[in-house]
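Notes for the structure review
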Amino acid sequence: IFEATVKQWPEKIALNFGERTVSYNELNQVGDKVASRLIENGVKPGQIVGLWLPRGIELLTMQLGITKAGAAWLPFDADTPVDRIAVCLTDAQAIGLLSCEAFIPRLQDFMQADFMQKVWAAENLLTSSETLLQKRSGALPEHPAYVIYTSGSTGKPKGIQINQGAICHFLRSENSQLGIQQTDRVYQGFSVAFDMSFEEIWISYLVGATLWIAPKELATDPEALPLALVKQEITVLHAVPTLLALFNRELPNLRIINLGGEACPEALVTRWANPKRKLFNTYGPTEATVSASLAELHVNEPVTI
């Protein structure tokens, strides 16, 4: 999906974070380099690689590199406790962990664990000397694409594995309803450890839209975030209803709002749906591949799942 978009719009801006912008072609080249190094280190389709980095362009570049290698990623927030990381990587039988020089020393207590036999710092993968690029081979739709650990009803982390065929179908099928386009600027605020991030990141890759990656402190500030969304001319917002309810100003550039993860109050529909903006309500357990149901919301009509 990503590589098809690169061929169609190589010079289009894919990622914007702070002052940095990266085109689809640039992101593709760096992703190829990361994938090649991972393949050299024994990563194969069907395997799982942990992904533990702070928000930003490097995180999405490493995520792309893992999937370009044909492997699946198992994502963690930057502030995830190291013991939880160890439990999840061990449970998933991950082949290794892709992180950064600042985070890796925190895993000192787990040096004997299987996943510690292959730990890569993103900085080393990006600065490595040029070698012949290795390409993935043998990747299949039934191979895992990602693994997400939920808290589980018992409190013990519970891993949900989704395969390539399922997530690729989801991206195409949901966007057949949402209608996100190459001209859109899409807000990226979700953690990659939450599957709603696929709607932001990978539907954008599907159509060649531009992702604006919000700094963590902005993504959690309901007063500053709406101002930033206006300044950045964001046209597509994926959000939980709770966040949207906290916004205290109109967002004139928004043409699509996709809500999910929680029940949607009818008051939000009254306030945010209008003839120039589509408002969607989606819901689904992680096991069903992000969302299982979708409805466009209209004023004076009941909100359903």
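Residues numbered from 1 in each chain as written. Predicted model: local features only at pLDDT ≥ 70, side-chain atom pairs only at ≥ 80, totals over all residues. Heavy atoms only, no water.

Right, let's get into the overall build of the protein chain. In terms of helices and strands, the protein chain carries 11 helices and 14 strands. Whereas a compact globule of 305 residues would reach a radius of gyration of roughly 19 Å, the protein chain reaches 19 Å, a difference of no more than 12%. Counting only C-alpha atoms and orienting by the principal axes, one finds that the protein chain spans roughly 60 × 50 × 35 Å. Taken across its 305 residues, the protein chain has 52% of its residues classed as buried. Contacts in the protein chain between residues far apart in sequence, at least 24 positions, make up 62% of those at least 6 positions apart. Positive and negative side-chain charges in the protein chain, numbering 25 and 32 respectively, have mean positions lying 4 Å apart. (Helix = DSSP H or I, 4+ residues; strand = E, 2+ residues; numbered from the N terminus. Rg over C-alpha atoms; globule rule 2.2 N^0.38 Å. Buried < 20%, exposed > 50% of the residue type's maximum accessible area, 1.4 Å probe, protein only. Contact = heavy atoms within 4.5 Å. Lys, Arg positive; Asp, Glu negative; His and termini not counted. Charge placed at Lys NZ, Arg CZ, Asp CG, Glu CD.)

Helices that pack against each other are described as a pair by the angle of their axes relative to one another and the distance between those axes. Between helix α6 (residues 164–178) and helix α7 (residues 197–207), whose axes approach to 10 Å, the crossing angle comes to 85 degrees. Considered as vectors, α6 and α7 are oriented roughly perpendicular to each other. Mapping the contact onto sequence places Ile-167, Phe-170, Leu-171, Arg-172, Glu-174, Asn-175 and Leu-178 in α6 and Phe-198, Glu-199, Trp-202, Ile-203, Leu-206 and Val-207 in α7. Of the residues assigned to the contact of α6 with α7, the class counts are 9 nonpolar, 1 polar and 3 charged. (Axes fitted to C-alpha atoms, helices over the stretch in contact; angles between N-to-C directions. Parallel < 35°, antiparallel > 145°, perpendicular 65-115°, else oblique. Nonpolar A, V, L, I, M, F, W, Y, C, P; charged D, E, K, R; others polar.)

As a further point, take the side chain of Gln-188. With respect to the helices and strands, Gln-188 occurs in strand β9 (residues 185–188). A polar side-chain atom of Gln-188 sits 2.8 Å from a polar atom in the side chain of Glu-200. Excluding its chain neighbours within four sequence positions, the residues that come into contact with Gln-188 are Arg-55, Glu-200, Ile-201, Leu-211, Trp-212, Ile-213 and Ala-214. (Polar contact = N/O pair within 3.5 Å; in protein donor to acceptor, adjacent residues only side chain to side chain.)

Geometric values such as these leave the question of function open.
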